[in-house]
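# Summary of structural features
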Amino acid sequence: MKENQDDLAKIIVLENGKPYADAFGEITYAASFFQWFSEESARVNGDIIPSANATSKILALRQPIGPCGIITPWNFPSAMITRKLGAAVAAGCTTVIKPASETPLSALALAHLSEKAGFPKGVVNVLPSATSAEVGKILCEHPLIKKVSSTGSTGVGKLLMAQSSSTLKKLSFELGGNAPFIVFEDADLDKAVDGAIASKFRSSGQTCICANRLFIHDSLYDEFVKKFVDKLSKTTLGFGLDEKTTHGPVIHEKSMSKVRSHIENAIEKGAKLLLGGKRREDIGENFHELTVLGDVTPKMKIFHEETFGPVAPLIRFSSDEEALSLANDTEVGLAGYFYSSDISKIFKVAENLEVGMIGVNTGAISEAAMPFGGVKESGFGREGSKFGIEDYTIVKSVVLGGLEN
Ligand SMILES: NC(=O)c1ccc[n+]([C@@H]2O[C@H](COP(=O)([O-])OP(=O)(O)OC[C@H]3O[C@@H](n4cnc5c(N)ncnc54)[C@H](O)[C@@H]3O)[C@@H](O)[C@H]2O)c1
Ligand SMILES: O=C[C@H](O)CS(=O)(=O)O
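Described below are features of the structure shown in this document. (Residues numbered from 1 in each chain as written. Chains lettered and ligands numbered in written order. Predicted model: local features only at pLDDT ≥ 70, side-chain atom pairs only at ≥ 80, totals over all residues. Heavy atoms only, no water.)

### Let's talk about the site of ligand 2
The environment of ligand 2 is formed by Tyr29, Asn75, Phe76, Met80, Arg83, Arg202, Thr207, Cys208, Ile209, Ser366 and Phe372. In this structure, arginine 83 approaches ligand 2 through a side-chain N or O atom, which is 2.8 Å from an oxygen atom. With respect to ligand 2, the side chain of arginine 202 contributes an N or O atom lying 2.8 Å from an oxygen atom. Alone, ligand 2 offers 280 Å² of accessible surface; in the complex the protein occludes 99% of this. In terms of residue class, the shell around ligand 2 is made up of six nonpolar, three polar and two charged. Looking at which domains feed residues into the shell around ligand 2, each of domain 1 (5–175 + 378–400) and domain 2 (179–360) gives three or more. (Near = heavy atom within 4 Å. Polar contact = N/O pair within 3.5 Å; in protein donor to acceptor, adjacent residues only side chain to side chain. Areas by Shrake-Rupley, 256 points an atom, 1.4 Å probe, with all protein chains shown as cover. Nonpolar A, V, L, I, M, F, W, Y, C, P; charged D, E, K, R; others polar. Domains from an automatic or database assignment.)

### A look at the nonpolar core
Met1, Cys93, Ile97, Val124 and Tyr392 are the most contacted members of the largest nonpolar core, which totals 36 residues. Every residue in contact with isoleucine 97, bar those within four places of it in the chain, is listed here: Ile70, Ile81, Leu85, Val124, Asn125, Val126 and Leu127. Ala187, Val193, Ala196 and Met357 belong to the second largest nonpolar core, which has 35 residues in total. (Core = buried A, V, L, I, M, F, W, Y, C linked by side-chain atoms within 4.5 Å. Buried < 20%, exposed > 50% of the residue type's maximum accessible area, 1.4 Å probe, protein only. Contact = heavy atoms within 4.5 Å.)

### Thoughts on the packing of helix α7 (residues 189–200) against helix α8 (residues 218–232)
At their nearest, the axes of α7 and α8 sit 10 Å apart, and the two run at 50° to each other. When the interaxial angle is binned, α7 and α8 end up oblique. Read as a crossing pair, α7 and α8 show a hand that is right-handed. Between α7 and α8, the contacting residues are Leu189, Asp190, Ala192, Val193, Asp194, Ala196 and Ile197 on the first element and Leu220, Glu223, Phe224, Lys227, Phe228, Lys231 and Leu232 on the second. Here the residues of the contact of α7 with α8 are counted per class, giving nine nonpolar, no polar and five charged. (Axes fitted to C-alpha atoms, helices over the stretch in contact; angles between N-to-C directions. Helix = DSSP H or I, 4+ residues; strand = E, 2+ residues; numbered from the N terminus. Parallel < 35°, antiparallel > 145°, perpendicular 65-115°, else oblique. Left-handed = near helix turned anticlockwise from the far one by under 90°.)

Laid out in structure tokens, this is it:
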């Protein structure tokens, strides 16, 4: 992957639209999962457990679960595959990969490179153009497939779970988010502004862990808005291979419609447009200005639904308790972020925020070493980290009896 990073990045730009620098960074991130799990594979061990019976020994063998179905989204066409594929192969599993129909080429490039790198034929199988529903049903229902790992929307996750009940498939789901980003009264304001931009507008807001609701303490609100809007006005929307571009388009018309619906609904219900707000057909298909909405409230759709686009809704709060209650007021719980300099508050908020991953005083949390996953309707299982490989194994107990005491 490193030898072909420029080509792999250009494939991502052309099929996903993200700026080249982001695509190049995705390949580094994607390759890091092969590095991480190649190291982890040496530590997939079992246990020898003392038995209560003096003439027995208990062996706990950890074995590969078997052929795995991998279903991935379009927003990280390479990294969402390698985060699963790296763990599956390191555990000794073969794979059948169903990439998003919007971004099949990155999957095919990875399969090609895996064979060049020496993976035996048949270990990495890609179904680039099969229809999602048809393939999903087969992967969920086929007895030879022992596990399905899917990254995508919560709606599709629920469907896959239902379809898997007939074979009691082992499942891992990385699903939708609605991340709170809380700037407490004692936050470092400049760091919070930078973190909010990094988290909210990464891939033009099209990541599952993007800040989706930004809660700003009343005492900092006006200054936050000024700094936030000033910095965002220096960004450039455009074609991913243009060096000046900092942000690309949203993926398709359906995504654009959701962005437009969230903006229009919020303004209709009293939100203030503080930056952007327009579709930019002059630049090309599916380009939307980075947009900031002020005075957003729970009466608006954008508070409860994942926008998955370049819109930052700002919500005022006056007490820590209010912020935590509003942040947890959602069925999903993938990622959350908050800025505070009070260590006691950091522990209290981290323990009470209903999410699977938290950025404290940072808007960037993703790396191979971090256990990645959510709670509530954001799914279950963990990817990356020392936990990621366990999901591709089973534990078999062997009791050795009749031993001499
Ligand atoms: N938790 C995470 O790590 C993570 C990462 C990226 C995206 N997402 C979520 O995914 C959503 C956006 O991505 P998306 O539009 O690709 O999601 P999506 O759920 O529409 O599609 C995800 C994958 O599922 C496939 N799919 C769709 N219907 C299917 C079916 N009936 N059977 C089998 N497969 C099916 C798609 O082709 C794609 O490959 C957002 O909700 C985002 O939060 C989550
Ligand atoms: O969009 C979801 C991805 O999992 C985000 S990240 O690339 O892992 O940060």
